[in-house]
Amino acid sequence: MFSEYSALGIVHKILKMHVRPGDFCIDATAGNGHDSVYLCELCGKEGRVLAMDIQQSAVDSTIANLEEHGFSDVSEVVCTSHSEIDKYADPNSADCIVFNFGWLPGGSHDVFTRAETSIPAIQKSLDILKPGGLLSLCIYYGRNNGYSERDAIMEFVRSLNGAQYNVMKCDFLNRPNDPPFPIFIVKDKEYYKNGKH
Ligand SMILES: C[S@@+](CC[C@H](N)C(=O)[O-])C[C@H]1O[C@@H](n2cnc3c(N)ncnc32)[C@H](O)[C@@H]1O
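This one's a predicted model, so the numbers in the text were calculated from it and none came from an experiment. (Residues numbered from 1 in each chain as written. Predicted model: local features only at pLDDT ≥ 70, side-chain atom pairs only at ≥ 80, totals over all residues. Heavy atoms only, no water.)

**A closer look at the sheet that holds strand β4 (residues 94-100)**
Here is step 1: With mixed pairing, seven strands are arranged side by side in an open sheet as β3-β2-β1-β4-β5-β7-β6. The strands lining the two open edges of the sheet, one partner per strand, are β3 (75-79) and β6 (165-169). For this sheet, the mean inter-axis angle between neighbouring strands, taken without regard to orientation, is 15°.
Here is step 2: Here three bridges tie strand β1 (residues 24-27) to β4, and the two strands are oriented parallel to one another. Within the sheet, the bridge partner assigned to D27 lies in β4 and is V98.
Here is step 3: Its contacts with the sheet put helix α3 (residues 56-68) on β2 (48-53) and β3, and the angle it makes with β3 is roughly 170°. (Pairing = 2+ DSSP bridges. Helix = DSSP H or I, 4+ residues; strand = E, 2+ residues; numbered from the N terminus. Axes fitted to C-alpha atoms, helices over the stretch in contact; angles between N-to-C directions. Contact = heavy atoms within 4.5 Å.)

What follows is the structure in structure tokens.
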């Protein structure tokens, strides 16, 4: 597992603060399903989790993990690119969407998330989020991934309108070797009030 104040530890703390029983959550990078299981724990039997991954092996592993934890009934796992996320969820429907970029732990290090699909996926996710909804992006970079996806994501999130989206980044200032870091985006409730936008 991961430590409490690692990037993933902080992501899980924020998810716990935000996700409520009955919520609809999306895991846009299912991997081995650990985040999907965690989201199911938070949104409970009344909630729903949609998970997706581009690799069939990750989909199989996530289905098995969800089954093992008794969450088959509240979850759905699809083999697709997250750039197709809008085919699986309506605008303003999700309470929380989670991306954990990089490669499948235990899988090939040559298959990893890339800016060409990550940026459209993030863009579409912002539409799919409900006002008040949370988008969590955990950024892995360096080594095989290189820096281009991180740089593209940073440029994109910095460009978002500050009245519409609250964008926060957590930096690890004294950790060596390209430490992963989380970004959280909250779609502003006030801005979208009364469906004017
Ligand atoms: C760091 S892993 C995710 C770990 C996962 N959240 C967990 O709890 O085990 C990143 C995953 O993103 C997947 N991925 C890469 N490109 C993708 C894409 N375009 N759409 C969806 N998933 C993608 C990889 O196959 C890999 O399984």
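**A word on unusual backbone geometry**
Residues other than glycine predominantly adopt negative phi, and peptide bonds predominantly adopt the trans conformation.
Here is step 1: Even without being a glycine, N92 presents a positive backbone phi close to 55°.
Here is step 2: With respect to the helices and strands, the residue N92 is situated in the loop between β3 and β4.
Here is step 3: With relative accessibility at 42%, the residue N92 sits in the partly exposed group.
Here is step 4: Phi is positive for R143, close to 45°, though the residue is something other than glycine.
Here is step 5: For R143, a relative accessible area of 72% translates into the label exposed. (Buried < 20%, exposed > 50% of the residue type's maximum accessible area, 1.4 Å probe, protein only.)

**Regarding the site of the ligand**
Here is step 1: Around the ligand sit 24 residues, and of these N32, D35, D53, Q55 and H82 come closest.
Here is step 2: Measuring from an oxygen atom of the ligand, one finds a side-chain N or O atom of Q55 at 2.8 Å.
Here is step 3: For the ligand, a nitrogen atom lies 3.1 Å from a polar atom in the side chain of S81.
Here is step 4: For the ligand, the accessible surface in isolation is 600 Å², of which the surrounding protein chains cover 96%.
Here is step 5: Assessed atom by atom at 2 Å from the grid points, the ligand resides in the largest pocket. (Near = heavy atom within 4 Å. Polar contact = N/O pair within 3.5 Å; in protein donor to acceptor, adjacent residues only side chain to side chain. Areas by Shrake-Rupley, 256 points an atom, 1.4 Å probe, with all protein chains shown as cover. 1 Å grid on protein atoms, 1.4 Å probe; cavity = no way out; pocket = protein on both sides within 12 Å on 5 of 7 lines; lining within 4 Å. Sits in = over half its atoms within 2 Å of the grid points.)

**Some thoughts on helix α1 (residues 7-18)**
Here is step 1: Under the 1.5 Å per step criterion, the end-to-end length of α1 is 17 Å for twelve residues, consistent within 8% with the ideal 16 Å.
Here is step 2: Among all positions of α1, only A7, L8, G9, I10, V11, H12 and L15 are buried. (Expected span 1.5 Å × (residues − 1).)

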